[in-house]
Amino acid sequence: MQSFQLHERASTVPTNSYNRQDWQRGYESVKEESDYWIDDVEGQIPPELQGTLFRNGPGLLEVNGQRIHHPFDGDGMISAIAFRDGRAHFRNRFVRTAAYLEEQKVGKISYRGVFGTQKPGGWLANAFDLKLKNIANTNVIYWGGKLLALWEAADPHRLDPHTLETLGKDSLNGVLSDGEAFAAHPRFDPSCSQDGGAPCLVNFSIKPGLSSTITIFELDPGGKVLRKHAHSVPGFAFIHDFAITPNYCLLFQNPIAFNPLPFVLGLRGAGECIKFQPNQPTRIIVIPRHTEESVQILKTQSGFVFHHANAFEQGDEVFIDSICYESFPEVEPESDFREVDFDALKPGHLWRFHLNLKDKTVSRKLIEGRCCEFPSVHQERVGRPYRYMYMGAAHTDTGNAPLQAILKIDLESVERQLWSAAPRGFVSEPVFVSRPNSDKEDDGWVLALVYDAAHHRSDVVILDACNLSQGPVARLHLKHHIPYGLHGSFTPELFI
Ligand SMILES: [Fe+2]
């Protein structure tokens, strides 16, 4: 690994930076829906920070006392933190999906989850029940005047951005059929050449099979679908995220095999039927956004990617920065995720993949060897050369551990800045928000929810992105905790 300078505040945290019971409590359900101004604040909320941070993630880790098998099977709960004139307001609501309403009404698990949650009654009660529970728990975006909760295997749910009330499923003005997939990882092109430099939302969907269909969607700022094109690729595709450049969509087809039989027979969830193939290459699928050029598939070393940080082009070369695991962290049917052995799993590391589209070659190099996940970059640098990245990271610089720190990487100087919430704090995805009217790439704030086990509550933490290692400029103490979430986004629009 390359050497680097690390700036962090002196810390007295021991090498084993966390306590398992502390970490586990962050996975307790939150059942209440709240609505209040946050008055318990340490430090000062910057008055220039105006807008709304939306977060999504599993709010319920059980249904009426019956535990779900994996957090990814938990019902989606949206949190909204609105910042206005140095104050902040909190609100949370569950997404009223049809399945959530049904299960809450009958008081028991009525749907199988993709990641192993089963209906009570053993395999006989689950066999041949292949319907999916659209749990709307992965991301939340505000685009085209709509607040949408996303889950990758089905259509979005639309919410009222002021009240978070669920308005129903959204078809993108009739473009999606009922239940049609729309991934949970849209990318926002800040300036689309096809649209005269207007911003554009780019997303994809996967229809997996013996060969898989990848559909690309491009939406204008009003939410209208401008372009939709589908491509067939060989083999089963399990693709959670993608990256864009001005000319390409880039998807990593991880080397996995899928045997649906245990799922069909009611023995395992679909996500537990995935087997990592360490001797097979990862395929990088390069789909042109605006031309009839054919799709290219390049190969690189075996590895598993959930998330990409960013990508950019230089002539015939494309660079993609991604969090890559040595293997897929397989879900065992008998295991309890709360008892996961972090030391037995491979951590995610940040790699730069270098594609030469002319020679059809790929090389890669390690950028960050600390366990990391959930990258975020400046919204105007998406798909463009960029300098700064922010991620959740482990407190210690080697091994696998829960995310307790936020790491800023300077890709030009290789300088790092780290702020750690260890030993009793656990971080969620950091979101970078730029300071209004500034064109300096790291001028802004990094916002993150941090679970504080000492008080069994969550804090909204605001870090100065230029001086991240100095610690938060403000810590907003919520009155309760928010279970570890997945993704979210910030809009300068104010919804209180
Ligand atoms: Fe994700």
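Above: the structure in question.
Scope of this entry: the structure provided in the associated data block.

Each value, and the rule that gives it
- Residues numbered from 1 in each chain as written.
- Predicted model: local features only at pLDDT ≥ 70, side-chain atom pairs only at ≥ 80, totals over all residues.
- Heavy atoms only, no water.
- Helix = DSSP H or I, 4+ residues; strand = E, 2+ residues; numbered from the N terminus.
- Rg over C-alpha atoms; globule rule 2.2 N^0.38 Å.
- Buried < 20%, exposed > 50% of the residue type's maximum accessible area, 1.4 Å probe, protein only.
- Donors = N, O, S within 2.8 Å, 3.2 Å for Na, K, Ca; no water.
- Tetrahedral: all angles 85-135°; square planar, octahedral: opposite > 155°, others 65-115°.
- Salt bridge = Lys/Arg side-chain N within 4 Å of Asp/Glu carboxyl O.
- Arc of directions from axis to C-beta.
- Contact = heavy atoms within 4.5 Å.
- Phe/Tyr/Trp six-rings, centres within 6.5 Å; stacked < 30°, edge-to-face > 60°.
- Pairing = 2+ DSSP bridges.
- Core = buried A, V, L, I, M, F, W, Y, C linked by side-chain atoms within 4.5 Å.
- Disulfide = S-S within 2.5 Å.

Before going further, it helps to spend a moment on the overall build of the protein. Each helix and strand counted, the protein has 4 helices and 36 strands in total. Rg of the C-alpha trace for the protein: 21 Å, near the compact-globule value of 23 Å for 496 residues, within the 12% margin. For the protein, the spread of C-alpha atoms along the principal axes amounts to about 60 × 55 × 45 Å. Going through the 496 residues of the protein one by one, you find that 59% of them count as buried.

Within the protein, His185 (NE2), His240 (NE2), His307 (NE2) and His487 (NE2) serve as the donor atoms for the iron ion, at 2.0 to 2.1 Å. Taken together, the 4 donor atoms coordinating the iron ion and their angles of 92 to 156° define a geometry best described as irregular. Mapped onto the sequence, the donors of the iron ion take the spacing H-x54-H-x66-H-x179-H. Of the two residues, histidine 185 sits in the loop between strand E12 (166–169) and strand E13 (187–192) while histidine 307 sits in strand E23 (residues 304–314), which places them 122 residues apart along the sequence. Residue class for histidine 185 comes out buried when judged on its relative accessible area of 8%.

Turning our attention to the pattern of salt bridges. Counted by the stated rule, this structure contains 37 salt bridges. One salt bridge in this structure joins glutamate 429 and arginine 55, with 2.8 Å as the shortest N-O distance. Taken together, the residues glutamate 429 in the loop between strand E31 (425–427) and strand E32 (431–434) and arginine 55 in strand E4 (residues 51–60) connect sequence positions 374 residues apart. Residue glutamate 429 shares its accessibility class with arginine 55, and that shared class is buried. In this structure, the salt-bridge partner of glutamate 218 is arginine 227, at a minimum N-O distance of 3.0 Å. Classification of glutamate 218 by relative accessible area gives buried; the value is 0%. Residues joined in a network through salt bridges with shared partners are Asp189, Asp195, Glu218, Arg227, Arg289 and Arg384.

With that settled, consider helix H2 (residues 98–106). Taken together, the buried positions of H2 are Ala99, Tyr100 and Glu103. Around the axis of H2, the buried residues are gathered within 100° of arc, so they sit on the same side. Exposed side chains of H2 directed beyond 90 degrees from the buried face belong to Ala98 and Lys105. Of the surrounding secondary structure, the elements contacted by the buried residues of H2 are E4, strand E5 (62–63), strand E7 (75–84) and strand E8 (87–94). Downstream of H2 by a residue or two, glycine 107 has a phi angle that is positive, lying close to 70°.

Before going further, it helps to examine unusual backbone geometry. With an omega of 5°, the peptide bond between alanine 422 and proline 423 qualifies as cis. Looking at where proline 423 falls in the secondary structure, it is placed in the loop between strand E30 (415–420) and E31.

A separate point is the packing of aromatic side chains. Tallied over the entire structure, the rule returns 27 aromatic pairs. Geometrically, the ring pair formed by tryptophan 23 and phenylalanine 342 is edge-to-face, given 5.0 Å between the ring centres and 80° between the ring planes. You can see tryptophan 23 sitting in helix H1 (residues 20–25) and its partner phenylalanine 342 sitting in the loop between strand E24 (317–325) and strand E25 (349–356), a full 319 residues away along the chain. Accessibility expressed as a relative area gives 7% for tryptophan 23, which makes it buried. Looking at phenylalanine 342, the relative accessible area reads 11%, which means it is buried.

Right, let's talk about the sheet that holds strand E18 (residues 248–253) for a bit. On the basis of which strands lie adjacent, the open sheet formed by 4 strands has the order E17-E18-E21-E22 and antiparallel pairing. Taken across any chain shown, the strands that pair with only one partner, and hence form the sheet edges, are strand E17 (243–244) and strand E22 (296–300).

Before going further, it helps to examine the nonpolar core. General note: in soluble globular proteins, nonpolar side chains tend to be found buried as a group. Core analysis: the largest hydrophobic core is formed by 43 residues, its most contacted members being Ile214 and Leu251. The contact partners of isoleucine 214, leaving out residues within four places of it in the chain, are Ser205, Ile206, His229, Ala230, His231, Val233, Ile239, Leu251, Ile285 and Ile287.

In this section: the state of the cysteines. For the structure shown, the criterion picks out 0 disulfides. The thiol of cysteine 192 is not disulfide-bonded; the next cysteine sulfur, from cysteine 200, is found 4.3 Å away. What makes cysteine 192 buried here is its relative accessible area of 0%. Between cysteine 371, a cysteine without a disulfide, and cysteine 372, which holds the nearest cysteine sulfur, the sulfur-to-sulfur distance is 6.7 Å.

Honestly, that's just the spatial picture; any functional story needs more than this.
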